[in-house]
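Residue-level structural notes
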Amino acid sequence: MDKEIRRMNDRMKVSIDVGLAGTFFWDIEHNLVVTDENIRQCFSLPERALHDGVTIRHVIPAIFEEDRTRVLHSLTAALARASHYREEFRICLEDGSIHWVSARSTVKRNTAGKATMLSGLIMDITERKMVEDALRESQAKLALEVQTMRNLLKFGTRLLATSDLRAALQEVLHSAVQLLGADFGSFQLYNKDEKKLELNVQYGFDEEVRKTFHSANDYHNAVCGRAIRTGFRVIIEDVMVDKLFAPYRRSALEAGFHAVQSTPLYDRNGNLLGVLSTHFRKPHRPSEAELLKLDLYARQAIDFIDRVRTEEALARSEEHYSAIVNQSVAGIVEVDFSGGILFSNDQFARMLGYSPGQQMLPLNIIDLVHPDDLRDNSERFEYLASTGKPYDIEIRFRCKSGSFIWVNNQISPIFDASGKPQSAVIISVDITKQKAAERLKDEFIGVASHELKTPLTGIKAYAQLINDRLGRSSPATISKLVAKLNNQVDRMVNLVYTLLDTSLDAGGELALQMETFNLNKLIEERIEEVHSSAPDHHISFTPGDLPDIVADRNRMGQVMANLLTNAIKYSPAEGGEIKVTSEHAESTVKVSIEDNGIGISEANLTRIFERFFRVDSASTNPLMGFGLGLYIAAKIIKRHGGNINVQSALGKGSIFYFTLPC
Amino acid sequence: MVLGNSAKHMKKKILYAEDDGDMLEVVSEFMQFEDYEVVTDNGKSIKKKLQQHQIGLILLDENLNWGWGSDLCRELKSDEKTAVIPIVLISAMGDIDKIAEQCGADGYIRKPFDIYDVIDMVNMHYLDTSQL
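Figured I'd write up the structure that's included with this text.

Reading guide: rules and limits
- Residues numbered from 1 in each chain as written.
- Chains lettered and ligands numbered in written order.
- Predicted model: local features only at pLDDT ≥ 70, side-chain atom pairs only at ≥ 80, totals over all residues.
- Heavy atoms only, no water.
- Pairing = 2+ DSSP bridges.
- Helix = DSSP H or I, 4+ residues; strand = E, 2+ residues; numbered from the N terminus.
- Axes fitted to C-alpha atoms, helices over the stretch in contact; angles between N-to-C directions.
- Contact = heavy atoms within 4.5 Å.
- Phe/Tyr/Trp six-rings, centres within 6.5 Å; stacked < 30°, edge-to-face > 60°.
- Buried < 20%, exposed > 50% of the residue type's maximum accessible area, 1.4 Å probe, protein only.
- Buried area = accessible area lost by both parts, 1.4 Å probe.
- Salt bridge = Lys/Arg side-chain N within 4 Å of Asp/Glu carboxyl O.
- Polar contact = N/O pair within 3.5 Å; in protein donor to acceptor, adjacent residues only side chain to side chain.
- Nonpolar A, V, L, I, M, F, W, Y, C, P; charged D, E, K, R; others polar.

Overview of the sheet that holds strand 19 (residues 577-585) of chain A
All names here are of chain A. Read from one edge to the other, the open sheet built from 5 strands follows the order 17-19-20-22-21, with strand pairing classed as mixed. Where the open sheet ends on each side, the last strands, each with one partner, are strand 17 (538-542) and strand 21 (643-648). Within the sheet, the average angular offset between the axes of one strand and its neighbour, ignoring direction, is 15°. Its contacts with the sheet put helix 19 (residues 629-639) on strand 21 and strand 22 (654-661), and the angle it makes with strand 22 is roughly 25°.

Brief notes about the packing of aromatic side chains
All names here are of chain A. Counted by the stated rule, this structure contains 5 aromatic pairs over all chains. Between phenylalanine 337 and phenylalanine 381, the aromatic rings sit 5.9 Å apart at their centres with planes inclined by 50°, giving tilted as the arrangement. Of this pair, phenylalanine 337 sits in the loop between strand 11 (331-335) and strand 12 (341-344) while phenylalanine 381 is found in helix 13 (residues 374-387), placing the two residues 44 residues apart along the sequence. The class for phenylalanine 381 is buried, based on a relative accessible area of 9%. Consider the rings of phenylalanine 348 and phenylalanine 397, whose centres lie 5.9 Å apart with planes at 90°: the pair is edge-to-face.

Here we look at the interface of chain B and chain A
By a widely used convention, the size of an interface equals the accessible area lost when the partners come together. Counting residues at the interface gives 28 residues for chain B, matched by 31 residues for chain A. Summed over both partners, the interface of chain B with chain A comes to about 2,700 Å²; 55% of that surface belongs to carbon and sulfur atoms. When the buried surface of chain B facing chain A is broken down by residue, Phe33, Asn65 and Pro112 of chain B rank first, second and third, together holding 20% of it. One salt bridge in this structure joins lysine 484 of chain A and glutamate 29 of chain B, with 3.0 Å as the shortest N-O distance. Scanning the region where chain B abuts chain A turns up 10 residue pairs in polar contact (both at pLDDT 80 or more). For the side of chain B that touches chain A, the secondary structure elements donating two or more residues are helix 2 (21-32), strand 4 (63-64), strand 5 (67-68) and helix 6 (115-125) of chain B. Looking at which element gives the most residues to the side of chain B that touches chain A, the answer is helix 2 of chain B, with 7 residues. Residues that form the side of chain B that touches chain A fall into these classes: 13 nonpolar, 7 polar and 8 charged.

Next comes the structure, spelled out in structure tokens:
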């Protein structure tokens, strides 16, 4: 047996003597292991291993402690049933170095199946192992990088979907803390209005510490302060060592950290956004790789904060703009060139009796225009559509109720990128009241000019007559004619005063020329005058015992004339009874004019003394009067310190009465 | 009773319907000098006055307090008893010419007027109905 083994060994030795491998032969029955010189040296075996052999016990110690159990296990298992034994393990050489080896051997069995021999090759695979390890390590590193990138991407995507600043910063901080293997972290946003850092989110710190952070104003030399000042990341490996950090040492220890890094974050324009800090319980310096990843996360956070801030600013500006547009007292509408409403503010809807909101959008503005104004409006609109020239126009719009309002519209175009008009903005103001006032004024002017023609006729007629009669009629007759001419002139003057209401004093009040006179006498005069032009009306006067009063006689005459004329105007010719009475009561005199005419409705009663107010009745000539008579009468009475009022009901006649102080 | 002569010397009567006293007065004044007697009325009792007097022409103010002269004119012209009497409308309104035409008046006068125009108009249209 021995001879055989030796022979085999020699043969193998010849071909395998390269220092990287060796052979061995183990006689399991006799427990003798024979090896070549390489193996002998590797395994630190005595000389006799080369020829006599050593027991397996001698071989085992060379095997690296950690691998021993494994090797023996697999060996035992192979000897029990296998035909081959392969294993990789480490061995400790004499010089202390550790080598990886690979054992490949065959198992020889006897007829009973029991393993009798194990022989094979042992190769040094240290280099290969190192390469394998290096590969594995770099693969792991790569996998980690890939994972980190995936996380970053997911993270970024999540940020894109949210606008919750606080939640997002929380995530950033969390990731940063995990990445750096830190124990605590904080994210402070920079408030540029107050020029200080505010703690927004934190990780790991307890309540007390948080409070301290919050209120810290002087952090100048604290890490975050330094980071802001220098614009660079500040790393404090050991708070006990860093000199500048000394004042904060105690707070740091109380908070529980010994090391910290603070990274200032800037937006694209170089404005400070905030500071991201991570803290470590033990003294620590983050690696370059870690800090690089931190920067990547920070970049995400910066972009996010930027975006959120921009969105907020935009929303605020939109709110502001929207408020202006909606609070506007003018209706603002945007339309396309076929008239479709693209946008309308609340006031426009309100103006037309719609509830603000969507009700306006489906409408076409052309449908709102009064049919009479349609053509003119369309012409101007089309002109704007083709030339881009703004214009303004007064038209009528139909309200939701179907009635119309007058509006003044200013229309200007909105141009597209190429300078072509793409839509129009209409600023619409309700001018119904102004139009009504204009109409009243026009009516007034119409009536006034008509009324003035009567005394003018009188004046002209008398003038012509006098001219004609001079030399032919007696002086007495001429005098009479001149007197009548004067009367007409006076009448005209009164009329003009009535119209213009111009006899005002310096204070803008109705000017009064006061004198002492008997009111009853004045009333009589007026009744007589009025009677001459309305002989069929019966006017009775019951004078009371009145003291002389101090008042403007002309003006009071105006009041009486007006009240009497009204009484006659609104009462029947046949059976028309007008009763005038005057009475004295304590410190006032009261005059009443009662008629049995058509009376005044309750609705009109409250408005009867209004300027320009006239009762529109089918039976009366709408041209008569200016609607000023009662208004001025009321003004005159009030100016005297008196009161004027009316009692009436439709169909039941009226009693107008006034009082004057005396 | 004198035929012809008395007829010649009987004063011509016109009816002036107007509710403004001053107007009634001044027209009466100058028409007098032309030998016209002016019967005045505020417009509410024209028919009565026509019955009471021999009226050869009606001067009718368009803008009466209680109604339109042109309506009265239409009424008178559609009544065969009064249709023949010439009616002259007086007004300060711009379109009095159209109104006069539409209501069948025989003429119109614009205010303020020339007294000679009134006299001419009356002379031109006056109808002596005493012979009828």
